[in-house]
Amino acid sequence: MSKATTARTYNQNHVHRKYTPGQRRVSIYVSWSYPAEAGRNPYELDNRFSTMTEVRRVAWPGYEAPEWSDPLQFQQGIAGSLELFFWAWAPFQQFVGETTGHVVPVFQRIDQAGFKLLLDERVLADADTVMVFGLDHMITNQDATLEEIEAVREFLRREGTCLILGPHHDVGLSDDLKVRNMEYHHHGDALVPRQQRFGKYTRALMKGLGVPVENRYGLRPALVPGNKKLAPLTITKDLDSKGWLEGVTTFNFHMHLPHYALTTDDTKSIHVLAKQPIDTSRPHPFIEAGNSEFNMFLWMPPNDDRAGDVLLADSTIFSTLFGLDESLEHFWRNIATEKRLSGKGRIDDSRRKRPA
């Protein structure tokens, strides 16, 4: 990936991207309210992001360079840690932009300036792949409206579209404080509180779209014994008919990943394409229930009512805060390239839809 040399802009309206044969248009939609997250009381222990000061203390000396530690240059409250997400998504945006020839915009449900953007045609009209990152704490009450659900359903009626849902982890659901403490010591991240529940927006969207998945827990993935390399995914290759995981062996390490639990017995409508081995050396209720892997990457193929694909993958997979290697770049390229489409040909924008 080449180094960006252009100036940064802010407070601009999105410029519609024209359809280009063979070049997908990818967009990211972050379901949080930035003001609600940044404005959380740092005196509260649970259900908030860390302040930048807490990040610096835990990761010391990793963020002691002036560009992170100087309060005249970088915000030191919760807003500072939110900005780290944007820094870490930038390489993915650049990679996909260079691969497809289209810029990758990042939309926020409510941005820094308080502008509210529903997930509607303003986001969906010029996109082929839409990624919804479920990073809203449930306590902020972000909820998908009926109009948004219908807009996404209409988007998925277009041939060749893809919706990637990324509900984040759900740590500390239990009322038993001992169980919460067990979960905390399992993942081992001092920046994650004993209760940190994400994804009300994506849960509402999944329910409205009939996606039979629930994000649960925050599980620590296993490493290869003797080094820090992530244990390989268990991939069900015979179900991966579109090659989403072609050339992929692992994603990237993150200390607390959600288990995408199926809420249906219909294994034809949704496929678990990849499972991640868990670090079983650290106790967790999910492990005690007899599990050694969790569902990491899922695919809902098109059906009679939906022409597009639906994928489930955590937003951390698209962030370089947690590393980047050749395997992950293969995955990013698979997501971005035209060959993931079925052999029916690309349909220009939303003018043509699959027949009823």
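Below: a short report on this structure. All values derive from a computational prediction rather than experimental measurement. The residue count restarts for each chain, going from 1 along the sequence in the order it is written. Residue-level local features of this predicted model are given only where pLDDT is at least 70; pairs of side-chain atoms are given and counted only at 80 or more, and the full residue set underlies all totals for whole chains, interfaces and linings. Note that the side-chain values use all heavy atoms of the structure and ignore hydrogens as well as water.

For the rest of this paragraph, the subject is helix α7 (residues 177-187). Considered for burial, the residues of α7 that qualify are Arg180, Glu183, Tyr184, His186 and His187. Projection of α7 onto a plane perpendicular to its axis shows the buried side chains occupying an angular sector of 160°, all on one side. The secondary structure elements touched by the buried residues of α7 are β5 (170-171), β7 (213-219) and α9 (285-288). For α7, the N-terminal cap is Asp176; the gap from its side-chain oxygen to the backbone nitrogen of Lys178 is 2.9 Å. Taken from the residues just after α7, Gly188 is the one with a positive phi, measuring 80°. Using a 1.4 Å probe on the protein chains alone, a residue whose accessible area is under 20% of its type maximum counts as buried, one over 50% counts as exposed, and one in between counts as partly exposed. Note on conventions: DSSP H or I runs of at least 4 residues are helices, E runs of at least 2 residues are strands, and numbering of each starts at the N terminus. The arc refers to the directions leading from the helix axis to the C-beta atoms. In what follows, residue pairs with any heavy atoms lying within 4.5 Å of each other are defined as contacts. Residues adjacent in sequence count toward polar contacts only when both atoms are side-chain atoms; beyond that, a polar contact is any pair of N or O atoms within 3.5 Å, and within protein one must be able to donate a hydrogen and the other to accept it.

The next thing to look at is helix α8 (residues 200-209). All buried positions along α8 are accounted for by Tyr201, Thr202, Ala204, Leu205 and Met206. At the C-terminal side of α8, Gly210 shows a positive phi close to 75°.

This part takes up the pattern of salt bridges. The term salt bridge refers to a pairing of a side-chain nitrogen on Lys or Arg with a carboxyl oxygen on Asp or Glu at a separation within 4 Å. One pass over the full model with this rule turns up 17 salt bridges. One salt bridge connects Arg56 with Glu64, and the closest N-O pair in it is separated by 2.9 Å. One salt bridge connects Lys200 with Asp143, and the closest N-O pair in it is separated by 3.9 Å. With Lys200 in helix α8 and Asp143 in the loop between β3 (129-134) and α6 (146-155), this residue pair connects regions lying 57 residues apart in the sequence. With relative accessibility at 25%, the residue Lys200 sits in the partly exposed group. Among the residues examined, Asp143 registers a relative accessible area of 36% and is labelled partly exposed.

Residues other than glycine predominantly adopt negative phi, and peptide bonds predominantly adopt the trans conformation. At the junction of Trp60 and Pro61, the peptide bond is cis and its omega measures out at 5° in the coordinates. Mapped onto the elements of the fold, Pro61 is located in the loop between α2 (52-58) and α3 (66-69). A positive phi is found at Asn11, a non-glycine position, where the angle reads about 70°. Secondary-structure assignment places Asn11 in the segment before β1 (26-33). Under the relative-accessibility criterion, Asn11 is labelled exposed at 58%.

In this section: the sheet that holds β1. Adjacent strands of a sheet form backbone hydrogen bonds with each other and so pair up, either parallel or antiparallel. When DSSP finds at least two bridges between two strands, those strands are taken to pair. Pairing in this open sheet of eight strands is mixed, and the strands run β2-β1-β3-β4-β12-β11-β10-β8 from one edge to the other. At either end of the open sheet lies a strand with only one pairing partner, and these are β2 (106-110) and β8 (234-235). Where β3 and strand β4 (residues 162-167) come together, six bridges link them in parallel fashion. Among the inter-strand pairings, Val132 is bridged to a residue of β4, identified as Leu165. Contacts between α8 and the sheet are confined to β1, β2, β3, β4 and β12 (309-312), with β4 contributing the most and set at about 135° to the helix. Fitted lines through C-alpha atoms give the axes, limited to the stretch in contact for helices. The angle between two N-to-C directions lies from 0 to 180 degrees.

Interpretation note: all reported values are geometric properties and have no functional meaning in isolation.
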